[in-house]
Amino acid sequence: MSYPLFHPRSTAALPTTLSAQEFQAAFPAENEYVEFKQGLSTKELRRAVVAFSNTDGGVIVLGVLDDGSVKGFSLSSNTNAQLNNDVLRVVVNPGRYQVHQLAVSDESVVIISIANREEGFSQLPDGSVLGRFGASNQSLFGESLVRLVSRQSLGRFETTPTSTPLSHASADLINKLGTASGWHPNGAHERMIEHGLAAPNSTGAFLTVAGALHLLDEPHTVLGKTFVEVFRYRGGATAPDRRIEIAGPLAHQIEAATSAVMDEIGTDFVVIGTHRHDLPRLPEVVLREAIANAVAHRSYEANGTAVRIDLHDDRVVVNSPGGLPEPVTVSNIREQYAARNLAVIDTLRRFGLAEDAGHGVDVMQDEMANELLDPPEFVDTGTSVVVTLRTTGSVTPHERAWVDELELSGSLSAADRLVLVHAARGAELNNSAVRNILGVDSVQARQSLQRLRDARLLAQRGERGGATYVASVELGAPAGLRLSDAQLEAIVLELAQEGPISNATVRERLRVDRLAALRLLTRLTESDQLERHGQKRGTYYTFPGAMSQRFMT
């Protein structure tokens, strides 16, 4: 039997729409790979996810009756959260999955594509293990359960003993770990064995892979290229002009690599009025989390490949050896969590260098959004996980600084900050526009607009469905954010009609920084619309001939 549409092993192109006849042909009935559900029946959905995960994968179609007729089902923010939190995240070790929305004639259905696990096995929250047999999900007992466990048994490489005796570990690093963990000094030996950092045998105790990574001053001498390499590329060059190698125990690698990259990428300086804003080009917490994830979740079997960080003019790229662990995929990376190296991550948490399970990606995405930076980009190549953090984006440093100034009188959510930027640029916003900007539903878009209106940052025009919103007069969006160069030049010329102007005059009127004001004045001088007088701090500008005319009168 061939695999149906949307099955992980199907090679057919994935449609976004099907006619009723095409859907019937693609999914004629439930079978070993297909299960129909009318809606979010939590208990039955969990059973199907576990059964497909433990056999050959499958497809769950939501919004379809048992006889195959389409009833319809679509994902809202609430149902999507319920699907992820009450079903997919509650199941123990599900296979990799994807969620698709499919239009069938005038209705919508939701398809959950479940891959079979390649290692380990899936269970219900109560510990039950199921398999798929024909069109039913059945519990596994006795010999059938033993066969599954034997076939899917997973050996954790990080707990493999090395040839390095525990006595070779750094006493200083053991003390630091003991202090961070609250261990009694006399019990550190037993605790390290208990937490997978050491393994005993008949001749003594030896460091495991995880133990060597945390407790040796130079773990790469035992484990291969278990360090971080940083390469810097300037001006779009294809070859790096600098390489930094950061070795040592994992905690040191994370802290030193974070510090080195933050120093290299630098800070954007923005002046608005009398305030100078120093804006890190990336939030340090995001960079640290990306590097911590890379060293914590990498495949240490790939001992000939280091974690690599590439620094470009507009982005930082972190490359970690090994693909995403099951069931995590790029599309569900925020909802799902799995750890390849449990002992490694547990120790990093003790040092405060790793977030609680499943929260690392949340921190990265939320902090980037809060700073009005583009979201992190995740790519799983199968042999590595690549995270791209962009230091430039659709929101300029000047706009970021302006929003920071607005927050001096109160906090704004990341979503509201982005809506404000679009309003400051002169956009007339409605519910549809905000949905597109934020990628949210109509309720969330309306709430954002109303919050900003109630804070007197946006002004509402019209009522109900026809309402639009613009930047309020009280908002005082800096002119440099919402006017074209020609409009800015016209304002400067109007100022010059009143008398001589200076760089400070332009900065105060337009709320732009010194360099932006100088550029405006230089353009007007070079086009002979203004005349420059004096030098340095004494420089001022007038209309051509205005000073001569003034002296004549």
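Values in this document were obtained by computation on a predicted structure and should not be read as measured data.

### As for the overall build of the chain
- Across its full length, the chain carries 21 helices and 22 strands.
- C-alpha atoms of the chain, sized along the principal axes, occupy 110 × 70 × 45 Å.
- Looking at the chain alone, contacts between residues at least 24 apart form 61% of all its contacts between residues at least 6 apart.
- About 26500 Å² of surface is accessible on the chain, with carbon and sulfur atoms providing 48% of the total.
- Computing the positive centroid from 52 side-chain charges and the negative centroid from 66, the chain places the two 3 Å apart.

### Let's talk about the pairing of strand β10 (residues 204-208)
- Counted residue by residue, β10 has four buried out of five residues, so it is predominantly covered.
- Where strand β8 (residues 161-165) and β10 come together, two bridges link them in antiparallel fashion. Bridged to Pro161 within β10 is Thr208.

### What about helix α20 (residues 514-526)?
- Here α20 spans 18 Å end to end across 13 residues, near enough to the 18 Å set by a 1.5 Å rise per residue.
- Looking only at α20, the buried set comprises Ala517, Leu520, Leu521 and Leu524. All buried residues of α20 lie within an arc of 90 degrees about the axis, which places them on one face of the element. Set apart from the buried face of α20 by more than 90 degrees, the exposed residues are Arg519 and Glu526.

### Some points on the pattern of salt bridges
- Under the counting rule described, the total for this entry stands at 27 salt bridges.
- A salt bridge links Arg288 to Glu284, with the nearest nitrogen and oxygen atoms 2.9 Å apart. Of the two residues, Arg288 and Glu284 are both situated in helix α10 (residues 284-297); the distance of four residues between them amounts to about one turn of the helix.
- Residue Arg288 is classed as partly exposed on the basis of its relative accessible area of 27%.
- According to the relative accessible area criterion, Glu284 is partly exposed, its value standing at 38%.
- If you follow the salt bridges from partner to partner, you end up with Arg232, Arg234, Asp241, Arg242 and Glu264 in one network.

### Quick word on the packing of aromatic side chains
- By the definition in use, this model includes two aromatic pairs.
- On the basis of an interplanar angle of 50 degrees and a centroid distance of 5.1 Å, the ring pair of Tyr3 and Tyr33 is categorised as tilted. Placement of the pair is Tyr3 in the segment before β1 (17-18) and Tyr33 in the loop between α1 (20-26) and β2 (34-37), with a sequence separation of 30 residues.
- Residue classification places Tyr3 among the partly exposed positions, given a relative accessible area of 27%.
- With relative accessibility at 7%, the residue Tyr33 sits in the buried group.
- On the numbers, 5.2 Å between centres and 45 degrees between planes, the contact of Phe23 with Phe27 is tilted.

### Overview of empty space enclosed by the protein
- Going through the model one piece at a time under the given rule, you end up with one cavity of 30 Å³ or more.
- By volume, the largest cavity amounts to about 440 Å³.
- If you trace the largest cavity, you find 34 residues lining it, with Asn293, His297, Leu324, Ile333 and Val361 closest to the centre.
- Elements that contribute at least two residues to the lining of the largest cavity include exactly α10, β16 (315-321), α11 (342-350), α12 (360-370) and β18 (384-390).
- Tallying contributions element by element places α10 first for the lining of the largest cavity, with seven residues.
- Of the residues belonging to the lining of the largest cavity, the class tally is 20 nonpolar, nine polar and five charged.

### Concerning the sheet that holds strand β17 (residues 377-380)
- With mixed pairing, six strands are arranged side by side in an open sheet as β12-β11-β15-β16-β18-β17. Strands with a single pairing partner mark the edges of an open sheet, and in this sheet they are β12 (242-246) and β17. Adjacent strand axes in the sheet meet at a mean angle of 15 degrees when their direction is disregarded.
- Summarising the sheet, strand β11 (residues 228-232) and strand β15 (residues 307-311) pair through five bridges and their orientation is parallel. Following the sheet pairing, Val230 is matched in β15 by Ile309.

### Describing the environment of Ala210
- Mapped onto the secondary structure, Ala210 falls in helix α7 (residues 209-215).
- For Ala210, a relative accessible area of 0% translates into the label buried.
- For the pair Ala210 and Pro161, spaced 49 residues apart in sequence, the C-alpha separation works out to 9.0 Å.
- In this structure Ala210 touches Glu158, Gly196, Leu197, Ala343 and Val344, once residues within four positions along its chain are discounted.

### Brief notes about the side chain of Asn341
- Mapped onto the elements of the fold, Asn341 is located in the loop between β16 and α11.
- On the basis of relative accessibility, which here comes to 3%, the residue Asn341 falls in the buried class.
- Here the side chain of Asn341 touches Arg298 through a polar contact of 2.9 Å, landing on its backbone oxygen.
- Setting aside anything within four residues of it in sequence, one finds Asn341 in contact with Glu158, Ala296, His297, Arg298 and Tyr300.

### Quick notes on the layout of surface pockets
- Space inside the largest pocket adds up to approximately 1000 Å³.
- Lining the largest pocket are 33 residues, and of these Arg334, Asp366, Leu438, Gly439 and Val440 lie nearest its centre.
- Among the elements of the structure, α3 (77-88), α12, α14 (414-424), α15 (431-438) and α16 (442-454) are those that each provide at least two residues to the lining of the largest pocket.
- Tallied by class, the residues present in the lining of the largest pocket amount to 15 nonpolar, twelve polar and six charged.

### Points about unusual backbone geometry
- Of note in this structure, Phe6 is not a glycine but carries a positive phi near 75 degrees.
- Mapped onto the fold, Phe6 is located in the segment before β1.
- Phi is positive for Asn93, which is not a glycine, with a value near 55 degrees.

Definitions and limits used
Residues numbered from 1 in each chain as written. Predicted model: local features only at pLDDT ≥ 70, side-chain atom pairs only at ≥ 80, totals over all residues. Heavy atoms only, no water. Helix = DSSP H or I, 4+ residues; strand = E, 2+ residues; numbered from the N terminus. Contact = heavy atoms within 4.5 Å. Areas by Shrake-Rupley, 256 points an atom, 1.4 Å probe, with all protein chains shown as cover. Lys, Arg positive; Asp, Glu negative; His and termini not counted. Charge placed at Lys NZ, Arg CZ, Asp CG, Glu CD. Buried < 20%, exposed > 50% of the residue type's maximum accessible area, 1.4 Å probe, protein only. Pairing = 2+ DSSP bridges. Expected span 1.5 Å × (residues − 1). Arc of directions from axis to C-beta. Salt bridge = Lys/Arg side-chain N within 4 Å of Asp/Glu carboxyl O. Phe/Tyr/Trp six-rings, centres within 6.5 Å; stacked < 30°, edge-to-face > 60°. 1 Å grid on protein atoms, 1.4 Å probe; cavity = no way out; pocket = protein on both sides within 12 Å on 5 of 7 lines; lining within 4 Å. Points joined across faces, edges and corners; volume = space filled by probe spheres on them. Nonpolar A, V, L, I, M, F, W, Y, C, P; charged D, E, K, R; others polar. Axes fitted to C-alpha atoms, helices over the stretch in contact; angles between N-to-C directions. Polar contact = N/O pair within 3.5 Å; in protein donor to acceptor, adjacent residues only side chain to side chain.

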